[in-house]
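# Topology and contacts: notes
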Amino acid sequence: MAKPGPVLTTAACTALGALLLTALPANAAPPGPREPRPVREGAGRDTAAPPLLDPSAARTDGLRGDAPLAGGPTAVPGASPHQGGGYPRRTVLTAPPADLADKSIRLGLAPYHSLAPRLNALQRLGDRVSVEVAGRSARGHELYLVTVTAPESAAQAREQERMRERIENAPGAAAKDPRIKAAYKTPVLINNNIHGNEWEGTDAALELVEELARATDRKTAGLLATTRVHLNVTANPDGRIAGTRANGNGFDLNRDFVTASQPETRAIRRIAIDRQPAVMLDLHGYVNGTLIEPTTPPHGENYEYDLFLKNSYANALGMEKAVNALGYTAAKDGVEPAVIPFRDWPEGWDDWPPIFTPQYMPFQGAVASHTIEFPLPVNNAAYESLPVAELRRRAAVNVDVAGAAMRATLDWAYRNRASVIADQIETFRRGAAGEAQRPVSEETVPGVPGIGPEDVYTTTFPRGYVIPVGRSQRSAVAAARLVDHLIANDVRVGRAADGSYVVDLRQPKRGMANVILAEGRDISADVSTMYDISGWSLGLLWGATVRKVTDGPLPTAVRTVRSAAPTGRVAPFGDLLLWLDDPRELAAVNTLLARGVKVRRTADGSAVVPASARSAAGELANRLGVVFRATKERGTAPLERTRVAASVTAGELFALREMGFEVVPVSTESLNAGFDWSAADVLFVSRGLDHGRLTPAAREALRASGVGVVGIGSAGAAFNAAAGLLKATAVEGNGDANGVVAVRNAGGAITGGAPGHTFVYSPLWFTGLGTGVRAEQSYGTGSPLVSGHWRGSGADGRGGPADAAGQASVVSGTAAHGAPVVLFGTEPLFRDHPKGVFAQVGRALLTR
């Protein structure tokens, strides 16, 4: 039975014109016409500018965001004798200086600098509240993890940890363990403010903590005796302070799971692994009425979705009831009834990609996880245009809604403790046993209405994966990074006698392993559009060789590894060859060039390092894991340090600096103001730089500079055409298309050694190549899309993968004034994600 069309409709924060842009009196009419499905922020190709502050200025104090949780720097005087073992685990937090520019203040919400004093006070209320520092943000702000539970001795806490480990690592035995059934506390995680300008979850969390700390009723005592409530108070303090969606590095943290490029994301990942939440909420805004997941199709194919849907839908019903019971109405308050996308919409709010926090959590054991979108927008245009009184009214409503969702979830988790824990155990048991998934249906998930064939997404798990490593492997550095990343996500990896790494999918977190390593699948025919990425395979995009074993035996793993073996080495004699296939290899060569080492380029784009630099090479081999091989090659031309003037996205800027390039952000305005081109060797354009808006003087200065140009996507192609650099016609594919595509590489200085796959978002290709313009890479023949969503667009269906097949995806040449130019129709640096493709950009920047 297919789900009906939308019953309840919404408008979202990007459709503010129809959603209460003026102050709303108590008797106001409801909002005007709304969209048939939500319009979500963060959709489409990344175009946001990098933050104004230099990310290299971030204060980290040497504390990694993915470090194990600690009890904090200073114990509270008179704290529990079980400090560091039992609960409470109290920490005296140091309050940062007051920041009167904190954007929360205008909304009447808690500014970041007020959180530490408030949390210190909450710890003093009794013996239920613990605070730990879970890490630091990109700009060095502490991330506060609060745990509310009944006191535990050190021995009791150790028993809880033993039970937690047994649930994951011996789920068959755990399912029969009477002690787990009787005494294991349900871990519930409430994640707040991951989008910095969606504030109110933090304030609702603080209210909840105080309420639980002070309550004297029997129900609260029972809840805390059987539950650990973990609250990430603000997942994005940088954005909370600045009033931005992104963190201090310009990243949308709720797109960073699986990649985990940011310290805040790694901190949440560490919390998930250490605490193993069975239930999870992620608090967001703004969709009116309140949006409560589970989602519409497509559903992640690596989940045990029958268990997940059963629990998520039941909890959603309770949250919906609690939110609606607050009594807010469209006529009186501008608040529509709550919405559950799975029930109320046919598509448009998917849980396909594991990049979102609630979609990542099932792979770490959550059997119910939800995005909650409170109803009334207070960010973006509303923040600037509405009176303070109206903003504060809305924020107060949103805090109430967030609090109602939190309390309803705790009530549901308390009442259903036994089945929730049993289903978490069953999730891990199926993985460890290698059992097939159970497709959802009205029989397998009774009580959930409207399940139809459109909801069935399953996969056939392979037997496992092998990641070969050897002296002849060009991908050794990439293999080590991938192995370490798997382990960081709590995937078990073994090492075979021949040195290869083995990922046996008969393990509790097989879904996590497979969602990272599998190719994914083409879902273009399943839904009309996808608002965010639909393909992400690290097995294809991170540069390592990954072999899938569908049946038959896996190589015998001699031992389980805790990290990849060191890969760095330097040949003991002669000149040295460094392949430039990996961002770490680019970082190594850029470091050598910055130190004045005379490095030369080979015909295939590798680097020849003189024997005199062997000591520096040894240092870099140890630090970066790169390999310097002996060579008799002399090289074809010198490589020089490349300084990059860049009009790029935050993710691209981050990736360029990861490869060791010296980058100066530029814009149309800065070039018109008289940019000093003597400080740059290459101009990199992927967003925002409009050649047509440059003044005649700025255009002439750019032309006379002789700098090379590297362009990505439509912005790069438009700049090329307006400046008259290369003769190449850019053809735009479907702007909504994204995913992993097969490519053919021409080899040479730019794509020599490149993998056979890359990533696209709003793909382009190039036709009509002029004399001297070379196709460095082309889309594969047939249908190049391996995984993702890419349809034709418009009435004629043009712009699909069949139109791109065989066409040039990367081209290079020399402009009339002698400057080298490289144009990409792909997204090789997208959100710092496709690591194995970075080197194509790095090589292009060095080719000048």
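Above: the structure in question.
Heads up: these notes are all about the structure in this document. This one's a predicted model, so the numbers in the text were calculated from it and none came from an experiment.

## Regarding the overall build of the protein
A tally of regular secondary structure across the protein gives 27 helices and 34 strands. Taken against the 2.2 N^0.38 rule, which gives 29 Å for 848 residues, the C-alpha radius of gyration of the protein at 27 Å falls within 12% of a compact globule. Principal-axis analysis of the C-alpha atoms places the extent of the protein at approximately 80 × 65 × 60 Å. Within the protein, buried positions represent 60% of all 848 residues. Carbon and sulfur atoms provide 54% of the accessible area of the protein, an area that totals close to 29200 Å². The positive charge centre, built from 89 side chains, and the negative charge centre, built from 85, are 6 Å apart in the protein.

## Structural notes on unusual backbone geometry
The amide bond that connects Tyr-87 to the next residue, Pro-88, takes the cis arrangement and shows omega of 10 degrees. Here Pro-88 is to be found in the loop between strand S1 (11-12) and helix H1 (115-123). Of the consecutive residues Gly-285 and Tyr-286, the connecting peptide bond is found in the cis state with omega at 5 degrees. By secondary structure assignment, the location of Tyr-286 is in the loop between strand S6 (279-285) and strand S7 (287-288). Backbone geometry at Asn-380 places phi at a positive 50 degrees, although glycine is not the residue there. Position of Asn-380 among the secondary structure elements: in helix H13 (residues 380-385). Accessibility expressed as a relative area gives 32% for Asn-380, which makes it partly exposed. The residue Arg-831 is not glycine, and still its phi comes out positive at about 50 degrees.

## Thoughts on the layout of surface pockets
Of the pockets and cavities examined, the second largest pocket occupies roughly 860 Å³. Every residue lining the second largest pocket is counted, 34 residues in all, and those nearest its centre are Ala-48, Ala-49, Ala-246, Gly-250 and Phe-251. Of all the secondary-structure elements, those providing two or more residues to the lining of the second largest pocket are helix H7 (237-242) and helix H21 (650-658). When residues in the lining of the second largest pocket are grouped by element, the largest group, 3 residues, is from H7. Grouping the constituent residues of the lining of the second largest pocket by class yields 12 nonpolar, 12 polar and 10 charged.

## Side note on the packing of helix H9 (residues 305-324) against helix H15 (residues 417-433)
The interhelical angle for the contact between H9 and H15, taken along N-to-C directions, is 165 degrees, at an axis separation of 10 Å. Considering the angle they form, H9 stands roughly antiparallel to H15. As for the relative orientation of H9 and H15, their crossing is left-handed in sense. Contacts between H9 and H15 involve Asp-306, Leu-307, Lys-310 and Asn-311 from the former and Val-420, Asp-423, Glu-426, Thr-427 and Arg-430 from the latter. Among the residues making up the contact of H9 with H15, the classes are represented as 2 nonpolar, 2 polar and 5 charged.

## Structural notes on the sheet that holds strand S3 (residues 142-148)
In spatial order, the strands read S2-S3-S5-S4-S6-S11-S8; together these 7 strands make up an open sheet with mixed pairing. Strands at the two margins of the open sheet, each flanked by one partner only, are strand S2 (129-136) and strand S8 (291-292). One ladder, built from 7 bridges, connects S6 with strand S11 (residues 368-374); its direction is parallel. From the neighbouring strand, Met-280 faces S11, where its bridge partner is Ser-369.

## Focus on the sheet that holds strand S17 (residues 569-570)
Pairing in this open sheet of 6 strands is mixed, and the strands run S17-S21-S18-S20-S19-S22 from one edge to the other. Because the sheet does not close on itself, it has two edges, and the strands there are S17 and strand S22 (637-638). In this structure, strand S18 (residues 575-578) lies alongside strand S20 (residues 607-609), joined through 3 bridges in antiparallel fashion. In the strand pairing of S20, Leu-577 is matched with Val-608.

## Regarding the packing of aromatic side chains
As enumerated under the stated definition, the model contains 18 aromatic pairs in all. The interplanar angle of 35 degrees and the centroid separation of 5.2 Å between the aromatic rings of Phe-257 and Tyr-360 together place this pair among those described as tilted. Remark: Tyr-360 occurs in helix H12 (residues 357-360) and Phe-257 occurs in the loop between H7 and helix H8 (263-275); sequence separation between them is 103 residues. Across the pair, exposure class does not vary: Phe-257 and Tyr-360 are buried alike. Seen in terms of ring centroids, Tyr-303 and Tyr-305 are 6.4 Å apart; in terms of plane orientation they differ by 25 degrees. Their pairing is stacked. Among the aromatic residues, those joined into a ring-pair cluster are Tyr-303, Tyr-305, Phe-308 and Phe-363. Taking the ring centre of Tyr-87 as reference, the NZ or CZ of Arg-89 above it sits at 4.1 Å. Of note, Arg-474 hangs over the ring of Trp-579, and the distance from its end group to the ring centre comes to 4.3 Å.

Scoring rules and cut-offs
Residues numbered from 1 in each chain as written. Predicted model: local features only at pLDDT ≥ 70, side-chain atom pairs only at ≥ 80, totals over all residues. Heavy atoms only, no water. Helix = DSSP H or I, 4+ residues; strand = E, 2+ residues; numbered from the N terminus. Rg over C-alpha atoms; globule rule 2.2 N^0.38 Å. Buried < 20%, exposed > 50% of the residue type's maximum accessible area, 1.4 Å probe, protein only. Areas by Shrake-Rupley, 256 points an atom, 1.4 Å probe, with all protein chains shown as cover. Lys, Arg positive; Asp, Glu negative; His and termini not counted. Charge placed at Lys NZ, Arg CZ, Asp CG, Glu CD. 1 Å grid on protein atoms, 1.4 Å probe; cavity = no way out; pocket = protein on both sides within 12 Å on 5 of 7 lines; lining within 4 Å. Points joined across faces, edges and corners; volume = space filled by probe spheres on them. Nonpolar A, V, L, I, M, F, W, Y, C, P; charged D, E, K, R; others polar. Axes fitted to C-alpha atoms, helices over the stretch in contact; angles between N-to-C directions. Parallel < 35°, antiparallel > 145°, perpendicular 65-115°, else oblique. Left-handed = near helix turned anticlockwise from the far one by under 90°. Contact = heavy atoms within 4.5 Å. Pairing = 2+ DSSP bridges. Phe/Tyr/Trp six-rings, centres within 6.5 Å; stacked < 30°, edge-to-face > 60°. Lys NZ or Arg CZ within 6 Å of the ring centre and 35° of its normal.

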